[in-house]
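Letter by letter, the chains look like this.
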Amino acid sequence: MSASLAPECSERKERYDTCFINWYSEKYLRGHTEPSKECEALFKDYKICLNKALKEKGIYNMIEEARKNSPNNEGQPPGSSCEPSC
Amino acid sequence: MVKFFESTFSYDYQWPAVTLAYFLRYPNPYSTHVVSTDTLDMHIDPISGNLHITRLHLKRGKLPKTVARFIPKIKESYILEKSVVDTRHQTLSTETRNLDWNGVLSVVENQVYTPDPSAKSTSAATHWAPGSVFTSPAATLVKTVVKFESKLGAARRERTEERRGWLGNWTAGMGGVRGTIELVGKSSMKDGIQRSREGMKIVLEQLRERGLVRIVKEQRQGGWERWKKVWRGEGQGVDGGEMI
C-alpha cells in the first residue's frame, strides 16, 4: 500500500485501503456491486483527516476545482458530467 | 500546441487481475518517484453498478534538464486520477492529469483496459478466481492515449500580437522553447509509459505468485525495497524517474 500525503492520516488510509482492496477483489469483481458499509465508514474517517490536511497544505480548492472539470469535455457547463453523488 | 501519443499493450493476465493490479500498482520498484497516493472519492453508480474512483498522487522527480531551464522551481507535481470500472462490459477507463503547473505543460493520459480478444480463453487452472462470474481471455489489452500540451509562450504571443512586426524574432524564440519542451516531454513520456508497464507487471506477478494478502502486507511493511530483494536484478537503475 502506498503512503498518504499526510502522515497523520496513514493509519486510517491503511485501514480503508485494506478494506477496499478486499471488497474489490472478493465482492465487486465477482459481480456483487453493493457498496461495503464497513469500507464506507472507514473511508469517511480517512476523508475527514485527508481533507483537513489538503486544506492545511492549501491545495484543497485547486483539487476541488480540477475535479469538476474534465479535460475531455471542456466547454461543457460545470457539473454537467457529474454523477448523482457530486 | 497539442500533441498526442498513442500506444497499445497486452498484459498476459485476465482483466479482473489487471484491474486489481492497477489499484495496487504503487509502490513498485519502478515507482520510486511516487511519494503518495490518496483516495479522494469512491462511489458506485446505482444504475450502472460502475465503480468510480478518484485518487490523488504526489510525484517527485527530476525534470528533464531542458525543461528545468525554464521552470526550475518545480520539484513535485500533483496528479489527479479518475477511474471507472465497468464489470458488465469488462472495461476499466482511467484518466490521469497533472494539477499544478498545467499553465505551462498539461499532460492528460487516458487508458482503456479490456479483455484481449486475440488471447485464448482460459482453462480452469489459470482462471482468475474460483467463483468468479467472469470468463475472461487470458490477456488484457490496454490502449493509452496521452494528450500533451505546452502553453508556455502562447499567452504572451497573443498579448504582443499587434507588435509582431518588430517582436517577431522574440515570438519565434518562444515558439522554439515550446517546441523543445514538447520534444523532451514526448521522449520522457515514452519512458514513463514503459516504466509504468514494468511496474504493473511486477505487481501482477506478485499477485499471481504470492497472493493478495501477502502483497498488501509487504507493500505496507517494506515498500519496494523488499520487493527488489525478491526480484533480484529487477528494478535496478530505475531510480530518479522523471515526473512527466
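Residues numbered from 1 in each chain as written. Chains lettered and ligands numbered in written order. Predicted model: local features only at pLDDT ≥ 70, side-chain atom pairs only at ≥ 80, totals over all residues. Heavy atoms only, no water.

Chain B goes by Similar to Protein UPS1, mitochondrial acc. no. Q05776 in an unreviewed UniProt entry, where it is assigned to Pyronema omphalodes.

By the naming in an unreviewed UniProt entry, chain A goes by Similar to Mitochondrial distribution and morphology protein 35 acc. no. O60200 and is assigned to Pyronema omphalodes. Taken directly from UniProt, the Sequence similarities (unreviewed entry) text for chain A runs: "Belongs to the TRIAP1/MDM35 family." (UniProt positions renumbered as here; feature names shortened; annotations may be inferred.)

J.: Whenever I open this one, the overall build of chain B confuses me. Can you help?
T.: Scanning chain B from terminus to terminus reveals 5 helices and 7 strands. In sequence order, chain B lays out its α and β elements as β-α-β-β-α-β-β-β-β-α-α-α. The buried share of chain B, reckoned over its 244 residues, is 55%. Nonlocal contacts in chain B, meaning residues at least 24 apart in sequence, comprise 69% of its contacts between residues at least 6 apart. When the accessible area of chain B is evaluated, it comes to approximately 11,600 Å², of which 52% is carbon and sulfur surface. (Helix = DSSP H or I, 4+ residues; strand = E, 2+ residues; numbered from the N terminus. Buried < 20%, exposed > 50% of the residue type's maximum accessible area, 1.4 Å probe, protein only. Contact = heavy atoms within 4.5 Å. Areas by Shrake-Rupley, 256 points an atom, 1.4 Å probe, with all protein chains shown as cover.)

J.: Any chance you could explain the interface of chain A and chain B here in plain terms?
T.: Interface size is commonly expressed as the accessible surface area that is lost when the partners come together. Every contact between the two is made by 40 residues of chain A and, on the other side, 50 residues of chain B. Buried surface at the junction of chain A and chain B, both sides included, amounts to about 3,700 Å², of which 62% is carbon and sulfur. For chain A, the biggest contributors to the area lost against chain B are Met1(A), Leu29(A) and Arg30(A); these three give 17% of the whole. Joining chain A to chain B, the criterion identifies 0 salt bridges. (Buried area = accessible area lost by both parts, 1.4 Å probe. Salt bridge = Lys/Arg side-chain N within 4 Å of Asp/Glu carboxyl O.)

J.: Help me understand the environment of Glu11(A) in this model?
T.: With respect to the helices, strands and loops of the structure, Glu11(A) is situated in helix H1 (residues 10-26). Considering only alpha carbons, one finds Glu11(A) and Arg67(A), 56 residues apart in sequence, at a separation of 25 Å.

J.: Hey, could you run me through the packing of helix H2 (residues 37-56) of chain A against helix H3 (residues 60-68) of chain A in this one?
T.: Residue and element names in this part refer to chain A. The N-to-C vectors of H2 and H3 enclose an angle of 110°; their axes lie 7 Å apart at closest approach. In terms of their interaxial angle, H2 and H3 are classed as roughly perpendicular. Residue-level inspection shows Lys47, Asn51, Leu54 and Lys55 of H2 in contact with H3, the latter providing Tyr60, Ile63 and Arg67. Classifying every residue of the contact of H2 with H3 gives 3 nonpolar, 1 polar and 3 charged. (Axes fitted to C-alpha atoms, helices over the stretch in contact; angles between N-to-C directions. Parallel < 35°, antiparallel > 145°, perpendicular 65-115°, else oblique. Nonpolar A, V, L, I, M, F, W, Y, C, P; charged D, E, K, R; others polar.)

J.: Just to check I follow, could you spell out the state of the cysteines for this structure?
T.: Simply put, disulfide is the name for a covalent bond between the sulfur atoms of two cysteines. Residue and element names in this part refer to chain A. One pass over the full model with this rule turns up 2 disulfides over all chains. Across a sulfur-sulfur distance of 2.2 Å, Cys9 and Cys49 are joined as a disulfide pair. In this structure the cystine formed by Cys9 and Cys49 twists about its S-S bond by roughly -90°; its chirality is therefore left-handed. Of this pair, Cys9 sits in the segment before H1 while Cys49 sits in helix H2; the two residues are 40 residues apart in sequence, bridging distant segments of the chain. Both residues of the pair, Cys9 and Cys49, count as buried. (Disulfide = S-S within 2.5 Å.)

J.: What should I look at first to understand the pattern of salt bridges in this one?
T.: Opposite charge on two side chains permits them to pair, given that their charged atoms come into close proximity. Residues and elements named next belong to chain B. Inspection of every chain in the model, using the stated rule, returns 14 salt bridges over all chains. Between Lys143 and Glu6 there is a salt bridge, with its nearest N and O atoms 3.9 Å apart. Within this pair, whereas Lys143 is found in strand S7 (residues 140-150), its partner Glu6 is found in strand S1 (residues 2-11), the two being separated by 137 residues in sequence. By relative accessible area, which is 44% here, Lys143 ends up partly exposed. Arg97 is the salt-bridge partner of Glu95, the closest N and O atoms lying 3.5 Å from each other. Residue classification places Arg97 among the buried residues on the basis of a relative accessible area of 10%.

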